[in-house]
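So the chains spell out like this:
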Amino acid sequence: MQIPNQRLKNQTCIVTGSSSGIGKAVAKSLGLEGANMVVNYHSGKKEAEEVADWINNESRCGSAIAIKCDVSSEKDVKEMFKKTISHFGTVDVCVANAGIQIDHPLHEMPLKAWQKVIDVNLTGQFLCAREALKEFLRRGMRKEVSKSLGKIIHMSSVHEEIPWAGHANYAASKGALLMLMESICQAYAHKKIRCNSIAPGAIKTDINKEVWVDEKEKKELLKLIPYKRIGIPEDIGSVACWLASDESEYVNGTTIFVDGGMTCYPGFSTNG
Ligand code: NAD
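On a predicted model such as this, the values are computed, not experimentally measured, just so you know.

**Quick notes on empty space enclosed by the protein**
Working step 1: Per the stated rule, a full pass over the model turns up one cavity of 30 Å³ or more.
Working step 2: When its volume is computed, the largest cavity comes out at roughly 30 Å³.
Working step 3: Lining the largest cavity are Gln11, Asp92, Arg139, Arg142, Val145, Ser146, Ser148, Leu149, Gly150 and Lys151.
Working step 4: The class makeup of the residues in the lining of the largest cavity is two nonpolar, four polar and four charged.

Right, dumping it as structure tokens:
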């Protein structure tokens with residue numbers, strides 16, 4: 001296995017929802033960069049422990065623990081930060097990744113389905129960002145590990161830009177994340193805090209399994225991707241490492257689209 005540059009050595013990173021999919025790949029990639037990792041899970045205890053074990057045993061780089069926390073619960077999020085700080089000393093990077101989809105046509109969407117998606121995808125990211133900001137400001141600069149006071153990375157989606165019929169709760173949560181991320185940057189950049197988003201396109205994970213296991217649906221999906229391949233979680237892991245590291249020091253308040261060109265509206269490539 002190729003061990004990367006240890007760009008995150010002696011930094012502590014929390015990745016929410018990292019027992020599966022994109023979060024899992026992000027946690028492993030950050031671990032390979034030498035970070036101390038908190039692998040957060042909501043329901044997948046065994047899977048989260050496997051990710052933490054992999055970082056501890058296989059990566060030969062960072063050190064990791066798994067912590068249970070429902071990101072939509074203020075009490076749980078505060079507890080997760082408390083445990084992290086007591087175990088590793090501080091938090092340097094927070095990747096607010098946990099997210100869900102509960103799909104309904106809007107005129108039939110139960111309030112519960114609207115609220116649950118907003119609670120996890122938006123309020124959960126707010127709660128994690130708030131606790132991260134508090135910790136960055138409390139701890140002060142650690143010039144020996146990073147040029148920034150701290151880094152927040154929100155896992156957004158191409159649907160912060162592309163409307164999504166039948167998924168309005170999800171699209172609304174991701175659209176709102178854009179303003180959350182930019183407002184954090186505006187307020188805290190002068191403190192040397194960086195806040196950015198990653199907006200994945202279609203990435204092969206459990207969240208969209210029904211699309212990529214079905215050949216007909218997969219073919220339709222590929223029409224939306226100019227690069228003609230469905231993304232893999234590691235495509236996001238490498239971007240998260242770069243955003244968390246000093247290599248991207250001057251990148252702040254922006255969304256990096258990792259989507260094979262999906263946001264270039266390929267439907268218009270033949271003049272619409
Ligand atoms: P996934 O279902 O594998 O991952 C979501 C994770 O969030 C799971 O581990 C789940 O247990 C966790 N989670 C759910 N509710 C939680 C809660 N209340 N508290 C803590 N954790 C909770 O799917 P994924 O594709 O890896 O999704 C990760 C993120 O990427 C989400 O924010 C999603 O919106 C975003 N995203 C995914 C895609 C894609 O194509 N896969 C595209 C754009 C954006």
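Anyway, onward from the coordinates.
**As for the side chain of Ser18**
Working step 1: Examined against the element boundaries, Ser18 turns out to sit in the loop between strand 1 (12–15) and helix 1 (21–32).
Working step 2: Among residues more than four places away in sequence, those in contact with Ser18 are Gly23, Lys24, Ala27, Val38, Val39, Asn40 and Val51.

**Considering the packing of aromatic side chains**
Working step 1: Summed over all chains, the structure comprises one aromatic pair.
Working step 2: Ring centres of Trp164 and Tyr170 lie 5.6 Å apart, and the angle between their planes is 65°; this geometry places the pair in the edge-to-face category.
Working step 3: We classify Trp164 as partly exposed; its relative accessible area is 28%.
Working step 4: Taking NZ or CZ as reference, Lys28 lies 4.7 Å from the ring centre of Trp54, over its face.

**Focus: a nonpolar patch on the surface**
Working step 1: A surface patch of nonpolar side chains, amounting to about 330 Å² of accessible area, comprises Leu106, Leu111 and Trp114.
Working step 2: Along the chain, Trp114 falls in helix 4 (residues 111–139).

**Re helix 1**
Working step 1: For helix 1, spanning 12 residues, the distance from its first C-alpha to its last is 17 Å, which sits close to the expected 16 Å at 1.5 Å a residue.
Working step 2: Most of helix 1 sits out of view: nine of its 12 residues are buried.
Working step 3: Residues Ile22, Gly23, Ala25, Val26, Ala27, Ser29, Leu30, Gly31 and Leu32 constitute the buried set of helix 1.
Working step 4: Count one or two residues on from helix 1 and you reach Gly34, which has phi positive near 95°.

**A short note on helix 3 (residues 74–88)**
Helical periodicity: at 3.6 residues per turn, an α-helix aligns residues three or four positions apart in one direction.
Working step 1: Helix length check: helix 3, at 15 residues, gives a terminal C-alpha distance of 21 Å against a target of 21 Å (1.5 Å per residue), a fit within 8%.
Working step 2: If you check which residues of helix 3 are buried, you get Val77, Met80, Phe81, Thr84 and Phe88. Buried residues of helix 3, seen end-on, are gathered within an arc of 95° and therefore sit on one face of the element. Those residues of helix 3 that are exposed and aimed more than 90 degrees away from the buried face are Lys75, Lys82 and Ser86.
Working step 3: Those residues of helix 3 that are buried lie in contact with strand 1, strand 2 (36–41), strand 3 (64–68), strand 4 (93–96) and helix 4.
Working step 4: Phi for Gly89, located one or two positions after helix 3, is positive at around 100°.

**Some details on the layout of surface pockets**
Working step 1: Looking at the largest pocket, its volume works out to about 1200 Å³.
Working step 2: Counting residues per element, the ones that place at least two in the lining of the largest pocket are helix 1, strand 2, helix 4, helix 5 (168–188), helix 6 (209–212) and helix 7 (215–222).
Working step 3: For the lining of the largest pocket, the per-class residue count stands at 22 nonpolar, 20 polar and eight charged.
Working step 4: Counted as a void, the second largest pocket has a volume near 150 Å³.
Working step 5: Gly201, Ala202, Ile203, Ile225, Tyr227, Arg229, Ile230, Gly231, Asp235, Val258, Asp259 and Gly260 together form the lining of the second largest pocket.

**Observations concerning the pairing of strand 4**
Within a regular strand, side chains alternate between the sheet's two faces.
Working step 1: Burial of the side chains of strand 4 extends over both faces: Val93 and Val95 are buried on one face and Cys94 and Ala96 on the other.
Working step 2: Where strand 4 meets strand 5 (residues 150–155), four bridges bridge the pair, whose relative direction is parallel. Bridge pairing in strand 5 links Val93 to Lys151.

**Thoughts on the packing of helix 3 against helix 4**
Working step 1: At a closest axis distance of 9 Å, the pairing of helix 3 and helix 4 adopts a crossing angle of 35°. The interaxial crossing formed by helix 3 with helix 4 has right-handed handedness. Residues Glu74, Val77, Lys78, Met80, Phe81 and Ile85 of helix 3 form the contact with helix 4, whose participating residues are Leu127, Cys128, Arg130, Glu131, Ala132, Lys134, Glu135 and Arg138.
Working step 2: Within the contact of helix 3 with helix 4, the residues separate by chemical class into seven nonpolar, no polar and seven charged.

**Some thoughts on the sheet that holds strand 3**
Working step 1: With parallel pairing, seven strands are arranged side by side in an open sheet as 3-2-1-4-5-6-7. Pairing within the sheet leaves two strands with one partner each, and these edge strands are strand 3 and strand 7 (255–258). Ignoring which end each strand starts from, the neighbouring axes of this sheet average 20° apart.
Working step 2: Where strand 1 meets strand 4, three bridges bridge the pair, whose relative direction is parallel. Its bridge partner lying in strand 4, Ile14 is registered against Cys94.

What counts and how
Residues numbered from 1 in each chain as written. Predicted model: local features only at pLDDT ≥ 70, side-chain atom pairs only at ≥ 80, totals over all residues. Heavy atoms only, no water. 1 Å grid on protein atoms, 1.4 Å probe; cavity = no way out; pocket = protein on both sides within 12 Å on 5 of 7 lines; lining within 4 Å. Points joined across faces, edges and corners; volume = space filled by probe spheres on them. Nonpolar A, V, L, I, M, F, W, Y, C, P; charged D, E, K, R; others polar. Helix = DSSP H or I, 4+ residues; strand = E, 2+ residues; numbered from the N terminus. Contact = heavy atoms within 4.5 Å. Phe/Tyr/Trp six-rings, centres within 6.5 Å; stacked < 30°, edge-to-face > 60°. Buried < 20%, exposed > 50% of the residue type's maximum accessible area, 1.4 Å probe, protein only. Lys NZ or Arg CZ within 6 Å of the ring centre and 35° of its normal. Patch = residues over 30% accessible without salt bridge, like charges linked within 9 Å, V, L, I, M, F, W, Y side chains within 5 Å. Areas by Shrake-Rupley, 256 points an atom, 1.4 Å probe, with all protein chains shown as cover. Salt bridge = Lys/Arg side-chain N within 4 Å of Asp/Glu carboxyl O. Expected span 1.5 Å × (residues − 1). Arc of directions from axis to C-beta. Pairing = 2+ DSSP bridges. Axes fitted to C-alpha atoms, helices over the stretch in contact; angles between N-to-C directions. Left-handed = near helix turned anticlockwise from the far one by under 90°.

So, to be careful, I would describe these as geometric facts and stop short of saying anything about function.
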